[in-house]
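Okay, here's what each chain looks like letter by letter:
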Amino acid sequence: MTDRYLEYLSREHARLENEIQLESKRPRPDEVLVARLKKLKLALKDQMRSWASDHATSDRLTA
């Protein structure tokens, strides 16, 4: 993955967080939607963590 892709993942993570906040503030939030958004957000976080780990490993190998 490139740094550009990591930036995309970060923006998408923030967008999902915003959607979760908006839905949670509604008088009767859709709990299924909130759960789905949280799962997507967690998957993005896992991808970012994986990328950072892979990136750190490759930096150590080339140093």
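Before reading further, recall that the structure is shown in the block above.
Just so it is clear, the structure is predicted and the values come from calculations on it, not from any experiment.

A. Representation of the overall build of the protein chain. When its secondary structure is counted, the protein chain shows two helices and zero strands. Burial analysis of the protein chain (63 residues in total) assigns 19% to the buried set. In the protein chain, of all internal contacts separated by at least 6 residues, the share reaching a separation of at least 24 is 62%.

B. Fine view of helix α1 (residues 3–25). Between the first and last C-alpha of α1 there are 33 Å, a value that for 23 residues agrees with the 33 Å anticipated at 1.5 Å per step. Taken together, the buried positions of α1 are occupied by Leu-9, Glu-12, His-13, Leu-16, Ile-20 and Glu-23.

C. Highlighting the pattern of salt bridges. Taken as a whole and assessed by the stated rule, the structure comprises five salt bridges. A salt bridge links Arg-15 to Glu-12; the nearest nitrogen and oxygen atoms lie 2.5 Å apart. A residue pair is termed a helical-turn pair when its members lie 3 or 4 positions apart in one helix, as Arg-15 and Glu-12 do in helix α1 at three residues. The exposure class of Arg-15 is partly exposed, given its relative accessible area of 38%. Between Glu-19 and Arg-15 there is a salt bridge, with its nearest N and O atoms 2.0 Å apart.

D. Examining the nonpolar core more closely. Ranked by size, the top nonpolar core spans seven residues in total: Leu-9, Leu-16, Ile-20, Val-34, Leu-37, Leu-44 and Met-48. If you list the elements that add at least two residues to this core, you get α1 and α2 (31–62).

E. Looking closely at the environment of Asp-30. Note on placement: Asp-30 falls in the loop between α1 and α2. For Asp-30, a relative accessible area of 38% puts it in the partly exposed group. Taking the C-alpha atoms as reference, Asp-30 lies 10.0 Å from Ile-20; in sequence the two are 10 residues apart. Of note is the side chain of Asp-30, whose polar atom sits 3.1 Å from the backbone nitrogen of Val-32. Engagement of the side chain of Asp-30 in a polar contact is seen with the backbone nitrogen of Leu-33, the distance being 3.1 Å.

The rules behind these values
Residues numbered from 1 in each chain as written. Predicted model: local features only at pLDDT ≥ 70, side-chain atom pairs only at ≥ 80, totals over all residues. Heavy atoms only, no water. Helix = DSSP H or I, 4+ residues; strand = E, 2+ residues; numbered from the N terminus. Buried < 20%, exposed > 50% of the residue type's maximum accessible area, 1.4 Å probe, protein only. Contact = heavy atoms within 4.5 Å. Expected span 1.5 Å × (residues − 1). Salt bridge = Lys/Arg side-chain N within 4 Å of Asp/Glu carboxyl O. Core = buried A, V, L, I, M, F, W, Y, C linked by side-chain atoms within 4.5 Å. Polar contact = N/O pair within 3.5 Å; in protein donor to acceptor, adjacent residues only side chain to side chain.

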